[in-house]
Amino acid sequence: MAANTTVDEHFEGADFDEDADDEQMVSTNSGRKRLFSKELRCMMFGFGDDKNPYTETVDLLEDLVIEYIAETTHRAMEIGRTGRVQVEDIIFLVRKDQRKYARVKDLLTMNEELKKARKAFDEIKYVGTEGKLK
């Protein structure tokens with residue numbers, strides 16, 4: 001217990017400037033809608049964080065994600081057809097990072113499989129409704 005009281009005494013005597021941090025967070029976050037908060041909270045929990053992580057942590061992580069997406073999009077717009085982002089441009093940008101490249105390939109493959117499944121489902125649905133009309 002003596003060690004805990006010593007630690008508590010250090011924190012009680014510390015001069016934390018919480019107001020300055022709050023003002024910075026408000027000024028950087030004002031006017032921006034949080035797009036990925038729910039997903040990031042779930043991902044953070046899945047990677048071992050608390051079930052309800054600090055809002056400031058989620059906001060910081062979201063800022064980093066949005067910055068990465070914006071930077072990657074700008075880089076993709078500069079290669080290939082200037083001013084347009086195409087799948088091939090994204091693949092070109094992540095080609096040297098094996099994990100990202102594998103993930104992009106998996107997502108593209110899954111997208112194609114979903115398109116085929118939707119098309120087959122729509123054809124079955126169309127044939128089923130056509131049979132009922134007769």
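Residues numbered from 1 in each chain as written. Predicted model: local features only at pLDDT ≥ 70, side-chain atom pairs only at ≥ 80, totals over all residues. Heavy atoms only, no water.

Concerning helix H3 (residues 37-46)
For H3, the complete set of buried residues consists of Ser37, Leu40 and Met44. Seen from one end, H3 has its buried residues packed into an arc of 65°, which puts them on one side. Structural note: H3 exposes Lys38, Cys42 and Gly46 on the side pointing more than 90 degrees away from its buried face. On the buried face of H3, the contacting elements are helix H4 (55-78). Gly48, located one to two residues past H3, shows a positive phi value of around 105°. (Buried < 20%, exposed > 50% of the residue type's maximum accessible area, 1.4 Å probe, protein only. Helix = DSSP H or I, 4+ residues; strand = E, 2+ residues; numbered from the N terminus. Arc of directions from axis to C-beta. Contact = heavy atoms within 4.5 Å.)

A short note on the layout of surface pockets
Space inside the largest pocket adds up to approximately 240 Å³. Lining the largest pocket, in full, are Tyr68, Thr72, Ile90, Val94, Arg99, Lys100, Arg103, Val104 and Leu107. When contributions to the lining of the largest pocket are tallied by element, the ones reaching two or more residues are H4, helix H5 (87-94) and helix H6 (98-133). With five residues, H6 is the single largest residue contributor to the lining of the largest pocket. (1 Å grid on protein atoms, 1.4 Å probe; cavity = no way out; pocket = protein on both sides within 12 Å on 5 of 7 lines; lining within 4 Å. Points joined across faces, edges and corners; volume = space filled by probe spheres on them.)

A short note on the pattern of salt bridges
Overall, the coordinates contain five salt bridges when judged by the stated rule. Here Arg34 ties to Asp59 by a salt bridge, and the two come within 3.5 Å at their closest N and O atoms. Taken as a pair, Arg34 in the loop between helix H2 (18-29) and H3 and Asp59 in helix H4 lie far apart in primary sequence, 25 residues in all. On the basis of relative accessibility, which here comes to 11%, the residue Asp59 falls in the buried class. (Salt bridge = Lys/Arg side-chain N within 4 Å of Asp/Glu carboxyl O.)

Looking at the packing of H4 against H5
With their axes 9 Å apart at the nearest point, H4 and H5 run at an angle of 110° to one another. Taken together, the axis directions place H4 and H5 in an arrangement best described as roughly perpendicular. In this structure, H4 crosses over H5, and the sense of that crossing is right-handed. In contact with Thr72, Arg75 and Ala76 of H4, H5 contributes Asp89, Ile90 and Leu93. When the residues that make up the contact of H4 with H5 are grouped by side-chain class, the tally is three nonpolar, one polar and two charged. (Axes fitted to C-alpha atoms, helices over the stretch in contact; angles between N-to-C directions. Parallel < 35°, antiparallel > 145°, perpendicular 65-115°, else oblique. Left-handed = near helix turned anticlockwise from the far one by under 90°. Nonpolar A, V, L, I, M, F, W, Y, C, P; charged D, E, K, R; others polar.)

Quick look at a nonpolar patch on the surface
On the surface, Leu60, Leu61 and Leu64 cluster together into a nonpolar patch covering about 260 Å² of accessible area. By the secondary structure assignment, Leu60 is in helix H4. Taking the relative accessible area as the measure of exposure, Leu60 reaches 51% and is therefore exposed. (Patch = residues over 30% accessible without salt bridge, like charges linked within 9 Å, V, L, I, M, F, W, Y side chains within 5 Å. Areas by Shrake-Rupley, 256 points an atom, 1.4 Å probe, with all protein chains shown as cover.)

Concerning the environment of Gly80
Positionally, Gly80 belongs in the loop between H4 and H5. Residue Gly80 is classed as exposed on the basis of its relative accessible area of 64%. It is 9.5 Å that separates the C-alpha atoms of Gly80 and Phe92, two residues lying twelve residues apart in sequence.

Focus on the environment of Leu61
With respect to the element layout, Leu61 can be found in helix H4. Exposure remark for Leu61: the relative accessible area of 31% places this residue in the partly exposed category. On a C-alpha basis, the gap between Leu61 and Ser37 in space is 9.0 Å, while along the polypeptide they are 24 residues apart.

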